[in-house]
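Chain by chain, the residues run as shown.
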Amino acid sequence: MAKDIVIVGGGSAGWMTAAYLSKALDRMDSIRVVESPRVKSIGVGEATFSTVKLFFDFLELDERDWMPPTNASYKMGIRFVGWRRDGGHFYHPFQRYEVVDGYNLGEWWLRLQDGRRGGEEAAHPEPFDYACFTVPALCDHLRSPRHLDGRVFDERVQGFYSEADGPANKVMVEHRVQYPYAYHFDAALLADFLRGYAVQRGVEHIADEVLDVHLGADGSIDHLV
């Protein structure tokens, strides 16, 4: 049975929802976005986690489709500055541990620290993030996670970035891949881009104010004014 779906509010959240539903429901339902012309999107740089790639893959949008219009850039991790007492920094990378002989590099790093206790090296061990991951070195040297020919620095996930065959996965269910980077983008520009995508797929855009919300006898929303 067809349904009428109303999304109140635009912005990146509203238009991401509308774009996703327009694809997931395959135009079977009526989808409307009510967006106040007086309330603007928050025009800030928005950061994401690497699994956001699944969202764009589901919409069948390649990076070259949506990144330029939204002033997007790559995000390989989070750098915590002043993390230690000595004023240093620590990277939280979007990268999984390598596994050697059944143990991940984090466990090997801890074992090496145990062996150094009491020795001269104990005061200055190799930092955990630099010892166990590639991303910190890439960030320090201002390197991109992708080569100029389109290859990803982590060859194990190259198949998930193939534009020729399409992405190997588009949904979160059973997602076991660690994508090596996420994105930064302008939230207002992303909302504009996805508005165009959704409207082209049949979503109705209503530029107006929501004045009141009427509830039914059971407390659920009956209709909007």
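Structure: see above.
Residues numbered from 1 in each chain as written. Predicted model: local features only at pLDDT ≥ 70, side-chain atom pairs only at ≥ 80, totals over all residues. Heavy atoms only, no water.

(A) Fine view of the pairing of strand E12 (residues 221-224). Bridge count between strand E11 (residues 213-215) and E12: three bridges; the pairing is antiparallel. Paired with Leu215 across the two strands is Ile221, which belongs to E12. (Pairing = 2+ DSSP bridges. Helix = DSSP H or I, 4+ residues; strand = E, 2+ residues; numbered from the N terminus.)

(B) Region of interest: the packing of helix H1 (residues 11-24) against helix H7 (residues 187-200). In contact at an axis separation of 8 Å, H1 and H7 are set at 25 degrees when each is read in the N-to-C sense. Taken together, the axes of H1 and H7 are roughly parallel relative to one another. Read as a crossing pair, H1 and H7 show a hand that is left-handed. Taking contact as the criterion, the partners of Gly11, Ser12, Trp15, Met16, Ala18, Ala19, Ser22 and Lys23 in H1 are, on H7, Ala187, Leu190, Ala191, Leu194, Arg195, Tyr197, Ala198 and Val199. (Axes fitted to C-alpha atoms, helices over the stretch in contact; angles between N-to-C directions. Parallel < 35°, antiparallel > 145°, perpendicular 65-115°, else oblique. Left-handed = near helix turned anticlockwise from the far one by under 90°. Contact = heavy atoms within 4.5 Å.)

(C) Structural context of H1. In this model H1 runs 20 Å from its N-terminal to its C-terminal C-alpha over 14 residues, within 8% of the 20 Å that 1.5 Å per residue would give. Among all positions in H1, only Gly11, Ser12, Gly14, Trp15, Ala18, Ala19 and Ser22 are buried. One face of H1 carries all of its buried residues, which in axial projection span an arc of 165 degrees. With its phi angle positive at about 50 degrees, Asp26 sits one or two positions after the end of H1. (Expected span 1.5 Å × (residues − 1). Buried < 20%, exposed > 50% of the residue type's maximum accessible area, 1.4 Å probe, protein only. Arc of directions from axis to C-beta.)

(D) Expanded view of the sheet that holds strand E1 (residues 4-8). With parallel pairing, three strands are arranged side by side in an open sheet as E1-E2-E10. Both edges of this open sheet fall to E1 and strand E10 (204-207), since each of them pairs with a single strand only. Between one strand axis and the next, the sheet turns by 20 degrees as a mean value, whatever way the strands run. The pairing of strand E2 (residues 30-35) with E10 spans four bridges and is classified as parallel. Residue Arg32 lies in a different strand from E10, and its bridge partner there is Glu204. Lying on the sheet, H1 is in contact with E1, E2 and E10; it crosses E2 at an angle near 170 degrees.

(E) Seen up close, a nonpolar patch on the surface. Together, Val6, Val8, Val210, Val213, Leu215, Ile221 and Leu224 give the surface a local cluster of nonpolar side chains, amounting to about 580 Å² of exposed area. Listing elements by their share of the nonpolar patch, those giving two or more residues are E1, E11 and E12. Tracing the sequence through the fold places Leu224 in strand E12. (Patch = residues over 30% accessible without salt bridge, like charges linked within 9 Å, V, L, I, M, F, W, Y side chains within 5 Å. Areas by Shrake-Rupley, 256 points an atom, 1.4 Å probe, with all protein chains shown as cover. Salt bridge = Lys/Arg side-chain N within 4 Å of Asp/Glu carboxyl O.)

(F) Quick peek at the packing of aromatic side chains. Inspection of the entire model under this criterion finds 19 aromatic pairs. With centroids separated by 6.2 Å and ring planes inclined at 65 degrees, the aromatic side chains of Phe49 and Phe94 adopt a geometry described as edge-to-face. Remark: Phe94 occurs in the loop between strand E6 (89-93) and strand E7 (99-100) and Phe49 occurs in the loop between strand E3 (45-47) and helix H2 (52-58); sequence separation between them is 45 residues. Residue Phe94 is classed as buried on the basis of its relative accessible area, which comes to 5%. Ring centres of Tyr161 and Tyr181 lie 5.5 Å apart, and the angle between their planes is 35 degrees; on these two criteria the pair is classed as tilted. Here Tyr161 is found in the loop between helix H6 (135-140) and strand E9 (182-186), whereas its partner Tyr181 is found in the loop between H6 and E9, with 20 residues between them in sequence. Here the two residues Tyr161 and Tyr181 agree in accessibility, since each one is buried. Aromatic ring contacts, followed pair by pair, group Phe55, Phe56, Trp66, Tyr74, Phe160, Tyr161, Tyr179, Tyr181, Tyr183 and Phe185 into a single cluster. Its guanidinium or amino end placed over the ring of Tyr161, Lys53 lies 4.2 Å from that ring's centre, counting from NZ or CZ. Over the face of the ring belonging to Tyr179 we find Lys53, whose NZ or CZ atom lies 5.5 Å from the ring centre. (Phe/Tyr/Trp six-rings, centres within 6.5 Å; stacked < 30°, edge-to-face > 60°. Lys NZ or Arg CZ within 6 Å of the ring centre and 35° of its normal.)

(G) Molecular detail of H7. Here H7 contains 14 residues, and its C-alpha end-to-end distance of 20 Å stays within 8% of the 20 Å for a straight helix at 1.5 Å per residue. Every buried residue belonging to H7 is among Ala187, Ala188, Leu190, Ala191, Leu194, Tyr197 and Ala198, and all of these are buried. The N-terminus of H7 is capped by Asp186, whose side-chain oxygen sits 2.9 Å from the backbone nitrogen of Ala188. Gly202 lies just past H7 and shows a positive phi near 105 degrees. (Polar contact = N/O pair within 3.5 Å; in protein donor to acceptor, adjacent residues only side chain to side chain.)

(H) Just the nonpolar core, in detail. With 35 residues, the main nonpolar core has Trp15, Leu59 and Trp66 as its most contacted residues. Beyond its immediate sequence surroundings of up to four residues, Trp15 is in contact with Gly10, Val33, Glu35, Ala191, Leu194, Arg195, Ala198, Val199, Val203 and His205. (Core = buried A, V, L, I, M, F, W, Y, C linked by side-chain atoms within 4.5 Å.)

(I) Just unusual backbone geometry, in detail. Positioned with a positive phi, Asn71 is a non-glycine residue whose angle comes to about 55 degrees. Looking at where Asn71 falls in the secondary structure, it is placed in the loop between helix H3 (63-66) and strand E4 (73-75). The backbone of Asp101 sits at a positive phi, close to 55 degrees, despite the residue not being glycine. If you trace the backbone, Asp101 turns up in the loop between E7 and strand E8 (103-104).

Read these as layout, nothing more, since geometry by itself doesn't imply function.
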